[in-house]
Amino acid sequence: MDKRPPRLPARPPAPTVLTAPSPIEADSAEELLTAEPETPELETPGHSGSQRGHLRLVDDIPGSNTDTSTAATSGQEDDAADGSTGRAWRQQRAASRAERVRQLWAFFEGANPYTNFWLVLGSAIALSVIGLTFVLSSTSVTGDGDPFTIVARQAMWAGIGVLGMIFMMYVPTRWMGGIGWAMMLLSGVLLSLVAFTPLGSDGGGSTNWLQIGPVRGQPSELAKLALVLWGAAVLAKKGRLVEQFTHWVVPFVAPGALAVLVLVLAGGDLGTSLIIITVVAALLFAAGVTLRYFIAAGALAVVAVGLLMWMTPYRMMRVYAWLGMNCDHSLDPCHQTEMGYYALASGGFWGVGLGQSRQKWDYIPEVHNDFIFTIIGEELGLLGTLTVLGLFAALSIGIFRVAFGTDDQFTRLVCIGIIAWLSGQAFINIGMVIGLLPVVGVPLPFISYGGSALTITLLAVGVVLNFARRQRLQARAPKRRRRGTAKRSTLAPR
């Protein structure tokens, strides 16, 4: 039984009675409402109570960091409102891009003559070694007996080319103009023998070979180097007069370059004609000929090339094959290009391995000559083709740096002409292999089989090395003078 006392009900709250405040209470309430809040005192260790009254909050101090940050924020908002911040950012980006372009151009120009020499020599030797390697790879399965016959012949011409390169490297530079005149006359005679005598030999649909006993070569390769040296000597001697029409036409364009071009076309070699036109245009541009003449000359050259192709049936067949319009022809004009595509595609990125090409087994015509780049792509893959392109780029950059490392106009013109020759020929060859251009029968410099082409190309490299070597000697000359002066002052009588 629960013995707890019963719980009483809760008392209701007393009713609130609202009364009017007294005058004294009203005054005290108004004082509390109108009174300013007291600033809290900061108590720090080591300060007495008398010093606490002098301390204030940072927010109350005029010119504090809060005021500064507020002003900066308001200034940024104003800048953002009128767009000055964005303009400043864009100007900074533009200045940064301009600085990177200047640095890249400074790299191309090159201020170190020692680097230029080895850049040109190293890239040329590397390309020649790659060429000998793939000539061996592409001709070792021909079934003509000894697999080393063709590569041994190419190596012999490479050795002759290296000796000629060394000779041209040490020839006095002042002799280069005279050598150009001699080469121009010699190439004219040889081209005339090819075009108008029975000594001319057919090859690849054109008569551009000269057969004298066991020796067989292409005089048009010599004409390329001759045109560069002779044309540079003529244009450099004219100086500022090349801005006048008659001075750049006579005698460089007519009768010089035009005579070479007619003799080459007489043999039916359109590919070499395109290279000669490229070299002539590069020399005239570097010499300072007015640009308006290039428009008319370019249009005339395009019309002339079109007419030559239209007048020759086998060239038109190549154009139709490039466009894919006659692949079902009985002669199968698309076969060579299609087999080249298969070789490049089967190589992938790393390639099938050096010497392991399958398309070189009589699937690709002229595989060791015009289409040797396809074997590089099949055996070494994309990495190998990019390596070859990188070596050509390094060679062009090295020659370009040699050209801009001197104030001699003749040196500049020769270097620009050689760049146009080698890079233009490489572009046409690789372009026709990958289907960018129709097949025109242009070999790949340093790599394609051909003794005369390799020898003359190495001679051209020797000319550039001659200029680079002279720049090295000029850069070393002040140090020699200082050493000589110190020695004379030591041995001078006291």
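Residues numbered from 1 in each chain as written. Predicted model: local features only at pLDDT ≥ 70, side-chain atom pairs only at ≥ 80, totals over all residues. Heavy atoms only, no water.

### What about the packing of helix α10 (residues 270-287) against helix α15 (residues 409-433)?
The condition is simple: The axes are straight lines fitted to the C-alpha atoms, using for helices just the contacting stretch, and the angles between their N-to-C directions are given from 0 to 180°. Secondary structure elements follow DSSP: runs of H or I of four or more residues count as helices, runs of E of two or more count as strands, with numbering from the N terminus. Left-handed is the label given to a crossing in which the near helix is rotated counterclockwise from the far helix by less than a right angle, and right-handed is the label when the rotation is clockwise. Note on contacts: a residue pair qualifies if any of its non-hydrogen atoms lie within 4.5 Å across the two residues. Residues are grouped as follows: Ala, Val, Leu, Ile, Met, Phe, Trp, Tyr, Cys and Pro are nonpolar; Asp, Glu, Lys and Arg are charged; all remaining types, including Gly, are polar.
Across the interface, α10 lies against α15 with an axial gap of 9 Å and an inter-helix angle of 145 degrees. Viewed along their axes, α10 and α15 form a crossing whose handedness is right-handed. Along its contact with α10, which presents L274, I275, T278, V279, A282, L283, A286 and A287, the element α15 presents Q409, L413, I416, G417, A420, W421, G424, Q425 and I428. In terms of residue class, the contact of α10 with α15 is built from 12 nonpolar, five polar and no charged.

### Observations concerning helix α14 (residues 372-403)
Let me state the cut-off plainly: Expected helix span is computed as 1.5 Å times (number of residues minus one). Values of bend correspond, residue by residue, to the angle between axes fitted over the seven residues ending at that residue and the seven starting there.
In this model, α14 (32 residues) spans only 31 Å end to end at C-alpha, well below the 46 Å of a helix rising 1.5 Å per residue. At L380, α14 shows its maximal kink, close to 130 degrees.

### So, the nonpolar core
Where we set the bar: Only buried Ala, Val, Leu, Ile, Met, Phe, Trp, Tyr and Cys residues count toward a nonpolar core, and they belong to the same one when joined by side-chain atoms within 4.5 Å. The cut-offs for exposure are 20% and 50% of the maximum accessible area for each residue type, with area from a 1.4 Å probe on protein chains only; residues under the lower value are buried, those over the upper are exposed, and the others partly exposed.
The biggest cluster of nonpolar side chains holds 99 residues, and the ones touching the most others in it are V414, F446 and I447. Take this core: its biggest share by element is 13 residues, from α15. When sequence neighbours within four positions are dropped, the list of residues in contact with F446 reads A124, L127, S128, G131, F392, L395, L422, L454, T457, L458 and V461. Within the second largest apolar cluster, five residues are counted, among which are L270, M309, M316 and V319.

### Focus on a nonpolar patch on the surface
Stated precisely, the cut-off is as follows: Patch rule: a residue counts if its relative accessible area is over 30% and it has no salt bridge; like charges are joined within 9 Å, and nonpolar side chains (Val, Leu, Ile, Met, Phe, Trp, Tyr) within 5 Å. For the accessible areas, the method is Shrake-Rupley and the probe is 1.4 Å, while residue cover comes only from the protein chains on display. Whenever Lys or Arg places a side-chain nitrogen within 4 Å of a carboxyl oxygen from Asp or Glu, that contact is recorded as a salt bridge.
Residues F349, W350, L382, L383, L386 and L389 make up a contiguous nonpolar surface patch of about 610 Å² in total accessible area. Along the chain, L382 falls in helix α14.

### Points about the packing of helix α8 (residues 219-238) against helix α9 (residues 245-266)
Note the cut-off: For classification, angles of less than 35 degrees are called roughly parallel, those exceeding 145 degrees roughly antiparallel, those between 65 and 115 degrees roughly perpendicular, and all remaining angles oblique.
Contact geometry of α8 with α9 gives a least axis separation of 10 Å together with a crossing angle of 175 degrees. Comparing their axes, α9 and α8 come out roughly antiparallel. Side by side, α8 and α9 meet where S220, A223, L227, W230, G231, V234, L235 and K238 of the first sit next to H247, V250, P251, F252, G256, A257, V260 and V264 of the second. Of the residues in the contact of α8 with α9, the class split is 11 nonpolar, four polar and one charged.

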